[in-house]
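Examining the three-dimensional arrangement
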Amino acid sequence: MGRNRKKDKHLPKNVYMRSGGYYFVDYEGKWHNLGRNFALAMQKYGLLADARHCETMSEVIDRYLREIAPLKAESTYKDNIKQSKYLRAAFGRMRPVQVTPKMVYQYMDERGKNSQVQANREIALLSHMFKKAIRWGFVSTNPVKGIERFKEKPRERYVTDEEFNAFKDFAGPEIAAYLDFKLLTGLRKGDILRLKRSDIQDDGIHAYISKTRKTIVIEWTDALRDAVDAILNLKKPIYSISLFRTRRGQPYSVDGFNSIWQRKMRKALEEGVLKERFTDHDIRAKTGSDTSEAHAVELLAHDDPRTTKKHYRRKDSVVRPLK
């Protein structure tokens, strides 16, 4: 228990006056010069004291998952929950002010032994958590800022027309209808599964893009009308407001649809229909590859064209010679 002050009793705990200036002593015993002006010194003290008495990283993670992560796309939110488990195990008991760049690099080196890509994603999440912690007044700096991450090679898997058609013919009418619709629209899986019949309007399909929180209108073509008709004509015993729906008329969850996809893909590989696995996301990349770059940016609804070029243009470039 600390001793009672004999002088300067007007000063808060851990604040002292030395040589005409005010100083705050933090939990590590480090002295912070607050200046000579009492009012300004108390403002600086308030910030430092908040950091000293702030929540642990585990509590910061909880607040982030409660207030920030749910505002993201469903798949991103679920990824954040998984990533947070590793961050909590490493930093959970620490105060935010205790986390240093050196510790972040140590975390990266350890996690990178299993997956450098996942390590990058977790560090990106940690950085965003610290940005929010600064806003919440728990810290004044972000120890993840400037951290050099692992270099990543963009995925190059391109689904050929032959592979696409072979899987479509094998997988059954529901997956076939989904594949045609996805290829034509380039929409993300979660955004497709959230579509309602009311989104099908005279001027096109009104699709909400969860990543950008904007709605785009995909204009009708003969091929798109055929794809939507195939979806609406799927034999389901119960009417539903959802475009894609289960036999009970409920919209598919992302996890539920993933299970169907993986089961069909596994059988296609076992029976020799396909030689190499491809993902749902690879179909989105096929959409971005099978049209012009400018059209791909619009259709995939990317705010930054560099994202389209880096991750969704997987065909070799065809160029004309000088003469």
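As a reminder, the structure under discussion sits directly above these lines.
The present account deals with the structure reproduced in this document. (Residues numbered from 1 in each chain as written. Predicted model: local features only at pLDDT ≥ 70, side-chain atom pairs only at ≥ 80, totals over all residues. Heavy atoms only, no water.)

**Points about helix α4 (residues 101-111)**
Among all positions in α4, only Val104, Tyr107, Met108 and Arg111 are buried. Down the axis of α4, the sector holding all buried residues measures 100 degrees, keeping them to one side. Residues of α4 that are buried in the fold lie against α3 (74-91) and α5 (116-135). (Buried < 20%, exposed > 50% of the residue type's maximum accessible area, 1.4 Å probe, protein only. Helix = DSSP H or I, 4+ residues; strand = E, 2+ residues; numbered from the N terminus. Arc of directions from axis to C-beta. Contact = heavy atoms within 4.5 Å.)

**Looking at the sheet that holds strand β6 (residues 214-218)**
What the three strands build is an open sheet, ordered β4-β5-β6; its pairing is antiparallel. Each end of this open sheet is capped by a strand with a single partner; those strands are β4 (200-201) and β6. Where strand β5 (residues 204-209) meets β6, five bridges bridge the pair, whose relative direction is antiparallel. Each residue of the ladder has a partner; that of Tyr208, found in β6, is Thr215. (Pairing = 2+ DSSP bridges.)

**Let's talk about helix α9 (residues 222-232)**
Turning to α9, its buried residues are Leu224, Ala227, Val228 and Ile231. Projected down its long axis, α9 shows its buried positions confined to an angular sector of 95 degrees, all on one face. The outward face of α9, more than 90 degrees from its buried face, is lined by the exposed residues Asp222 and Asp226. At its buried positions, α9 is contacted by α7 (173-185), β4, β5 and β6.

**Some points on the nonpolar core**
If you look at the biggest cluster of nonpolar residues, it comprises 35 residues, and the most contacted ones within it are Phe167, Phe181, Leu187, Ile205, Phe244, Trp261 and Phe278. Only α6 (161-171), α7, α8 (189-193), β5, α9 and α10 (254-270) provide two or more residues apiece to this core. Counting 25 residues, the second-largest nonpolar core is a separate cluster that includes Phe91, Leu126, Phe130 and Val144. (Core = buried A, V, L, I, M, F, W, Y, C linked by side-chain atoms within 4.5 Å.)

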